[in-house]
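Structural overview for review
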Amino acid sequence: MYKIGDTVVYGTEGICEVTDITLMSFGGDKSQYYILTSISKRQNTIYAPVNNEKIKKRMRSILTSDEARKLIDSLPIEPMEWVENSHERQDVFKNVLLCGSPEEVFSMLTSLYKKQNEQEKINKKLHASDERFMRDGERMLFSELAYALNTDVHEIVKEVFLNLKS
């Protein structure tokens with residue numbers, strides 16, 4: 001169980017602080033809820049039931065600086081298998097963004113970068129939904145790495161792409 005003051009990653013919302021844990025009543029049932037405040041969008045408040053298994057899968061502790069450094073140093077990461085059916089691929093990517101580990105997000109991004117390069121070689125672009133998943137994955141992952149390493153997102157982007165090319 002998380003405690004007040006913990007920094008977590010919550011689904012596609014990204015980095016949040018647990019600002020309170022309280023009993024609340026939604027729909028007549030009283031349950032304990034985490035009150036999460038987005039770090040990047042302070043006006044965003046999320047109410048996450050403490051004992052909901054689905055929510056538990058979407059919420060994880062933020063990477064430590066050592067874990068973030070190790071992840072960047074381990075690049076490039078093997079791409080995940082490309083799913084040809086776009087609807088199935090969207091489901092896979094959505095699940096990775098909602099519940100995946102940072103390594104799984106990197107694997108998804110590596111797969112998308114590879115596909116983007118293939119498409120560029122034949123003068124085509126990625127499917128619009130793939131581009132959106134790539135942007136969302138980059139935003140989520142790079143902001144977490146920057147937060148964990150107490151640096152700027154632009155510095156992380158440079159370092160990640162330098163490691164991906166080597």
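See above for the structure.
Below or above, wherever it landed, is the structure these notes cover. (Residues numbered from 1 in each chain as written. Predicted model: local features only at pLDDT ≥ 70, side-chain atom pairs only at ≥ 80, totals over all residues. Heavy atoms only, no water.)

1. Some words on the packing of aromatic side chains
- Throughout the structure, instances matching the rule amount to five aromatic pairs.
- Pairing tryptophan 82 with phenylalanine 93 gives two aromatic rings, centres 6.0 Å apart and planes at 65°, and the pair type is edge-to-face. Placement of tryptophan 82 in the loop between helix 2 (65-73) and helix 3 (86-99) and of phenylalanine 93 in helix 3 is noted, with a sequence separation of 11 residues between them. Of the two residues, tryptophan 82 and phenylalanine 93, neither departs from the other in class, the shared state being buried.
- Aromatic ring contacts, followed pair by pair, group Trp82, Phe93 and Phe133 into a single cluster.
- Note that arginine 132 overlies the ring of phenylalanine 133, its terminal NZ or CZ placed 5.1 Å from the centroid. (Phe/Tyr/Trp six-rings, centres within 6.5 Å; stacked < 30°, edge-to-face > 60°. Helix = DSSP H or I, 4+ residues; strand = E, 2+ residues; numbered from the N terminus. Buried < 20%, exposed > 50% of the residue type's maximum accessible area, 1.4 Å probe, protein only. Lys NZ or Arg CZ within 6 Å of the ring centre and 35° of its normal.)

2. Side note on the side chain of aspartate 130
- Structurally, the position occupied by aspartate 130 is in helix 5 (residues 128-148).
- Its relative accessible area of 2% is what places aspartate 130 among the buried residues.
- Side-chain polar atoms of aspartate 130 contact the side chain of arginine 89, separated by 3.0 Å.
- Sequence-distant contacts of aspartate 130, that is, excluding residues within four places in its chain, are made with Trp82, Arg89, Phe93 and Leu112. (Polar contact = N/O pair within 3.5 Å; in protein donor to acceptor, adjacent residues only side chain to side chain. Contact = heavy atoms within 4.5 Å.)

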